[in-house]
Number of protein chains: 4
Amino acid sequence: MIAGVIGATGYAGAELTRLLAGHPEIDGLLLASVSFEGKRIEDVYPHFLGEVSAPLLKAEEAAAGADVVFAALPHGVGEPYARLCVERGVPFIDLSADFRFDDDEATFSAWYGKPYQYPELRKRSVYGLPELNRPRIKELAAAGPVIIGNPGCYPTGASLGAFPALAKGISAAGTIIVDAASGVTGGGREPSRSFHYSECADSLAPYKVGGHRHTPEIARNFAAMAAASGQERPALIFTPHLAPMNRGILSTIYIPLRAEWQAEKGTGRGAVLPPSKEVEEKAAGIRLLYTDFYRDEPFVRVLPAGLTAATNRVRQSNYCDISIHLDQSGSTLIVANAIDNMVKGAAGQAVQNMNVIFGFDEKTGLGTIPALF
Amino acid sequence: MIAGVIGATGYAGAELTRLLAGHPEIDGLLLASVSFEGKRIEDVYPHFLGEVSAPLLKAEEAAAGADVVFAALPHGVGEPYARLCVERGVPFIDLSADFRFDDDEATFSAWYGKPYQYPELRKRSVYGLPELNRPRIKELAAAGPVIIGNPGCYPTGASLGAFPALAKGISAAGTIIVDAASGVTGGGREPSRSFHYSECADSLAPYKVGGHRHTPEIARNFAAMAAASGQERPALIFTPHLAPMNRGILSTIYIPLRAEWQAEKGTGRGAVLPPSKEVEEKAAGIRLLYTDFYRDEPFVRVLPAGLTAATNRVRQSNYCDISIHLDQSGSTLIVANAIDNMVKGAAGQAVQNMNVIFGFDEKTGLGTIPALF
Amino acid sequence: MIAGVIGATGYAGAELTRLLAGHPEIDGLLLASVSFEGKRIEDVYPHFLGEVSAPLLKAEEAAAGADVVFAALPHGVGEPYARLCVERGVPFIDLSADFRFDDDEATFSAWYGKPYQYPELRKRSVYGLPELNRPRIKELAAAGPVIIGNPGCYPTGASLGAFPALAKGISAAGTIIVDAASGVTGGGREPSRSFHYSECADSLAPYKVGGHRHTPEIARNFAAMAAASGQERPALIFTPHLAPMNRGILSTIYIPLRAEWQAEKGTGRGAVLPPSKEVEEKAAGIRLLYTDFYRDEPFVRVLPAGLTAATNRVRQSNYCDISIHLDQSGSTLIVANAIDNMVKGAAGQAVQNMNVIFGFDEKTGLGTIPALF
Amino acid sequence: MIAGVIGATGYAGAELTRLLAGHPEIDGLLLASVSFEGKRIEDVYPHFLGEVSAPLLKAEEAAAGADVVFAALPHGVGEPYARLCVERGVPFIDLSADFRFDDDEATFSAWYGKPYQYPELRKRSVYGLPELNRPRIKELAAAGPVIIGNPGCYPTGASLGAFPALAKGISAAGTIIVDAASGVTGGGREPSRSFHYSECADSLAPYKVGGHRHTPEIARNFAAMAAASGQERPALIFTPHLAPMNRGILSTIYIPLRAEWQAEKGTGRGAVLPPSKEVEEKAAGIRLLYTDFYRDEPFVRVLPAGLTAATNRVRQSNYCDISIHLDQSGSTLIVANAIDNMVKGAAGQAVQNMNVIFGFDEKTGLGTIPALF
């Protein structure tokens, strides 16, 4: 099977290339790049020397010759390739935001400043978070060429961290706060002041507070999961930070609990004491519920008590690690959640979607054991 | 004037030593260390060669000979030196938690596992956050030898970030969430797995979720500031993280707003849209209020719109940088706050307290311009 | 096939475990650990959760049940397990220095402070640098149970960087200088001041100058390669540094050239001018010679002109990248050389040796495409 | 006294601004910037808020109004301002290479690709390495307006590391190798692929091997110092590396020793044994000689035996730390040398030159105690 990657020389495209080159079902790669057309991938990324060697084609060439096409392009420019793939009858897996909002064009255009180019393509598209939409992905794929809106990096972590609480109805009405930090690869390959070593090393800062484009995507996912169990959708606050590391997203998610899931002193207004045994037991109960919810998921690990999610434990892998905690008063669920932003947060999830579409085992080509360092 | 530093060879003690050695009112240092008694400070910290040279004495010797005594000791062991200083009539500035809880011994012992050794010392002690207690510090110092409970690093950032909202009554009843991350120097000088380079570099993780000892200190500060303006104290959730950097604490603080300070769509339950002009105007109003609140403070900078607090902008300095934001719906105030954990979060604040006690200009010896890198 | 790993909980052992768990010819692992016997590997390294799960046995148990035994132990304690393996007729691959010096016990004991415990084992042992000793490894393995002295991390880089110059006789008599820097994982898992984040982050320093134990190993390798082509062995100076990164060794190697390989102005004593075209042509000639020398090696990449070896281009892989340069006067060959210290510098090379012994393709289980970040 | 800084918004200019703002003899700053003219320095560098506030002027304005003018400009554009200063009778301290080569225009133009614009200015210029040229700087300054060619960062470290060996005649004829690594701030403020966080973090690599422009500057300094004691100038090889840290240059310098300074087995061709007591004694002798050479220098620290130079011990300071070692055979002196590239390697040394010119104590405004982290 031949895979095409449009936008192969950005970081997400290069990570896709790396993963696909090691995927046992992929026999060849067609790589396309606007910036480096005519060169070879190993000229742009010499770490591929001896491993991946391919000319950089025009986008159309990659789209026209492959059995599955991935696009890692800026938002708003990939729809023509999606259309071409639908016409050719091959799946199109899009890492931009273009297909993440289904038919909610209003929200997309409010945040991304553009209308849909071919709105009708959304009939064939699905938001590609397998833990949310696996049946729908399979269904669409069975019916014809599917378009995948591969999730954003932050929304992947935030959603997987909150889903069980939403689905099982243990979250109270109110606001869920997602406080998250990403490694610098999340900013992509283009040099800029924000990602200049001297100005982001050894420092931590939030950015786009109250205004990051991943906010509506996370809110939509929360609403979808809440609706599935008849819950009201929660309000959302999302704050991204830039952390001085290369890979990884750590999300710390604050979910107010329904009274029955709180510890007794759960109002948080009494004396501020260390967490009681009851608080730990409540946490254990919720941990069990999470473990059960993700029982059959190949890439979600709910950590045992005593561990907290850490980005280095998922390094280079498609895992999402989740640890479950309560605040000291037992009123609020605190979920910590680590993914590799380049893998489960981008290229790995795209490959997972390909595996779902073609009926491969979902771990195919994604079996990297995390590397710790 | 001679300054004594007990516990001079831990990181906080060494930072105190560095700052005091450059303080124009300090003529000499008496340094004490249990672990390295008999050696010299420059044997333990060769970066001091040619700059700071002093023998490492017994704690009693440093306490007995100095005009002001700093202690950077583990919790629960410094009270005898405090008593000695009171007897000698010299100020004692304690960087441990022993004097942070005033006469609330119950809370101290619940979190630190020890009773007070000499409870009566609290008649002479005050929590040394100048922005909260400057008048009380001066008053006690005028009346005799004062004991300073120098604030914890996280509580310093969290408190300075929330104080204006609490004091001005713009925070609604509810829960304030402090999501904070510290550089690794916060873990001190003793090698351990948690701070082993290979296991914390290039990674981010929370720790002691729901159970960090700084929780009751932050809650108490919030309550004190709220009470001053007749407000109910808010509930508190505090989550610390370890970030792969040496210095700095970044706190992101979520403060629910009273209805009149919210933007109109402030419920957070409508469509998730980018922040409106109204949201930005509300934020500007709160920024003004913060700026006004800290007008006369020498070490708090409320950043102009468009900037977010970043730890590298306060590096090596006693500054606390604060940036003001609202969530996209305008319901919640998001304060980002950066300090250097070793300076404003520990040794610098201790020196600031000394300056307050002795009536020096508060910036004396603390005039380092931040270094960015 | 069952692989045993003695010392599985140190960093080299854990990396071996990670590689072997993904090796298609290995069906099971017997892991042993003195420090954590009775626990499971995933208790010690939770990043293995869901991927590698095994009890931690006694060393004897791992040695007694496996078809190939790896030992990642401190120097001087593994010989009994080697003997046991020889008796059992299975290969023993030792990552310590115990079998790196063949029958030169004098040098071993001068640097490691211990005699050989079972000197006769050296009849079955070979220094396991495949690029130097592949035929001898195969020969010994064919004749019975072989013991591999797996090379040190620095010697691997230094040797691969200098071998072609020595073998082809282009290096002049004189001194070869190896100036190298290692990431912090090279210091192992045990916390210590040297590897405490706060004291090694954002800093660079040499260590053990003139006295590092890898010096005689490098010198011996140089001598062996020189002898093979009838050259005199060069003198060696080796200086290791600690660099603020997790993985990787970068070696910069200065090799004086014979007159015929120098550029004409090669004495270095004329005016100091930018490198001439002749200098670049001489470098190109030597690059060709290196490329030819490593033509059939699966893990050595001689980089094209214009690239310099960088540790991030070999991250997570068994590659050794080599770039070829001359000084501006054309008198001295400067070879830059990057390996991942945990892979080609330790565990990966051990697996490569296993592949050689059992006749597997050498890339089996070592096909990781480098990750850049 | 008013100081002017032309090019105030580059990293060297901003560091100059930071140091001059804290200098007790400087009463005001005139800052100039081509890129940000019309803005204020605190707009470009918000970490200066509350500390340094000044409009960004045209270069001519800063040059015309100041009592001393610093220029931190690209090579080849600052001569007109130098001429203006000479005409105005005020000192000009130039951080570019334009005045580092005195009347050797041939070397300058061979490496920098430009001729001198006003060659006659070299009558008033001097290479501003105080440890080499202090008397000449004073002499020129006494005679009229002096122009300082402030040294390059690498040449500062390399020269200070080799000077005593050259001056005292203990280095043999032959080649001195300077293997050095710099932190990323050395690359300046302009974003580029080389200094993009994701591509230089956690990695080490050499660059411009055999062709870095600091090579002729180092060679000239070596020759000057050798000539002063009637020695032949040594050949030089210089290799720079980029290290994943913000500040600091670590130079490891290999200097062949004359026979009488070698340990007896100094040929390096015998058995490779750990360093003997004699080797350590020879090193101690050379250390003494270095200590004596720098006895009166305020910013050079020759470290005692047992310590190696490390960049974190000079952080934020104008110090140059030097440690003295021999290779294991006692044939070659190995000097390790650490400076802060932004301070002693650029802005601090420029301020030191100003102090020399105006007869201030050389430590004025440069008394920062190193920060370790």
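See the structure shown above.
Residues numbered from 1 in each chain as written. Chains lettered and ligands numbered in written order. Predicted model: local features only at pLDDT ≥ 70, side-chain atom pairs only at ≥ 80, totals over all residues. Heavy atoms only, no water.

## Topic: the relation of the copies chain B and chain A
Operational definition: All copies are superposed by least squares; the fitting set is the C-alpha atoms of residues with a pLDDT of at least 70 in both.
When chain B is brought onto chain A, the operation consists of a screw motion whose angular component is 180° and whose axial shift is 0.0 Å, with 0.0 Å RMSD remaining. When the rotation and shift are considered jointly, the pair of chain copies conforms to a two-fold rotation axis. Across chain B, the rotation axis passes nearest the C-alpha of B:Pro244, at a separation of 3.2 Å.

## Quick look at the relation of the copies chain A and chain C
So the rule is basically this: Contact definition: two residues touch when any of their heavy atoms are within 4.5 Å.
When chain A is brought onto chain C, the operation consists of a screw motion whose angular component is 180° and whose axial shift is 0.0 Å, with 0.0 Å RMSD remaining. Taken together, the interface assignments show that 100% of the residues at the interface of chain A recur at the interface of chain C, consistent with an identical surface on both copies.

## Topic: the packing of helix H7 (residues 153-167) of chain D against helix H9 (residues 214-228) of chain D
Residue and element names in this part refer to chain D. Rules: Fitted lines through C-alpha atoms give the axes, limited to the stretch in contact for helices. The angle between two N-to-C directions lies from 0 to 180 degrees. A run of H or I in DSSP becomes a helix once it reaches four residues, and a run of E becomes a strand once it reaches two; helices and strands are each numbered from the N terminus. Each angle gets one of four labels, with under 35 degrees taken as roughly parallel, over 145 as roughly antiparallel, 65 to 115 as roughly perpendicular, and the rest as oblique. Each crossing gets its handedness from the near helix: less than a right angle anticlockwise from the far helix is left-handed, clockwise is right-handed. Three classes are used: nonpolar for Ala, Val, Leu, Ile, Met, Phe, Trp, Tyr, Cys and Pro, charged for Asp, Glu, Lys and Arg, and polar for all others, with Gly counted as polar.
Between H7 and H9, the shortest axis-to-axis distance is 9 Å and the interhelical angle comes to 25°. By the angle class used here, H7 and H9 are roughly parallel. Where H7 crosses over H9, the handedness of that crossing is right-handed. Two secondary-structure elements touch here, H7 through Cys153, Tyr154, Pro155, Ala158, Ser159, Ala162, Phe163, Leu166 and Ala167 and H9 through His214, Glu217, Ile218, Asn221, Phe222, Met225 and Ala226. Here the residues of the contact of H7 with H9 are counted per class, giving 12 nonpolar, three polar and one charged.

## As for the interface of chain A and chain C
Which entries qualify depends on this criterion: What counts as buried area is the accessible surface, traced by a 1.4 Å probe, that two parts surrender upon association, with contributions from both included. A side-chain nitrogen of Lys or Arg and a carboxyl oxygen of Asp or Glu constitute a salt bridge if their distance falls within 4 Å. We call two N or O atoms a polar contact when they sit within 3.5 Å, provided that within protein one can donate a hydrogen and the other can accept it, with sequence-adjacent residues counted only if both atoms are side-chain atoms.
Between chain A and chain C, the residue contacts involve 31 residues of the former and 31 residues of the latter. Buried area between chain A and chain C, both sides added, is near 2,600 Å², and the carbon and sulfur share of it is 64%. Its largest share of buried area at the contact with chain C, chain A owes to A:His47, A:Ile369 and A:Phe373, together 30% of the area lost on that side. The partner of A:Lys363 in a salt bridge is C:Glu51, with the nearest N and O atoms 3.0 Å apart. Inspection of the chain A/chain C interface yields 11 residue pairs in polar contact (both at pLDDT 80 or more). The element that contributes the greatest number of residues to the side of chain A that touches chain C is helix H1 (residues 11-21) of chain A, accounting for three residues. A per-class count over the side of chain A that touches chain C returns 17 nonpolar, seven polar and seven charged.

## Considering the interface of chain B and chain A
Tallying the contact residues gives 63 residues for chain B and 64 residues for chain A. Buried surface at the junction of chain B and chain A, summed over both partners, amounts to about 4,700 Å²; 55% is from carbon and sulfur atoms. Close ionic contact of A:Asp202 with B:Arg315 constitutes a salt bridge, the shortest N to O distance being 2.5 Å. Counting residues per element, the side of chain B that touches chain A draws most heavily on strand E10 (residues 235-242) of chain B, at five residues.

## Observations regarding empty space enclosed by the protein
Summary: where empty space remains is shown by rolling a probe the size of a single water molecule over the atoms. Rules: Two kinds of site are reported from a 1 Å grid over the protein atoms alone, namely cavities, where a 1.4 Å probe fits but cannot get out, and pockets, open sets with protein on both sides within 12 Å along at least five of seven lines, and residues are called lining when an atom falls within 4 Å of a point. Grid points are joined across faces, edges and corners, and a volume is the space filled by probe spheres set on the points.
Applying the stated criterion across every chain, the model contains 11 cavities of 30 Å³ or more. Size it by volume and the largest cavity reaches roughly 250 Å³. Looking at the largest cavity, it is lined by 16 residues, and the ones nearest its centre are A:Tyr197, B:Tyr197, C:Tyr197, C:Pro244 and D:Tyr197. Class assignment for the residues of the lining of the largest cavity results in 12 nonpolar, no polar and four charged.

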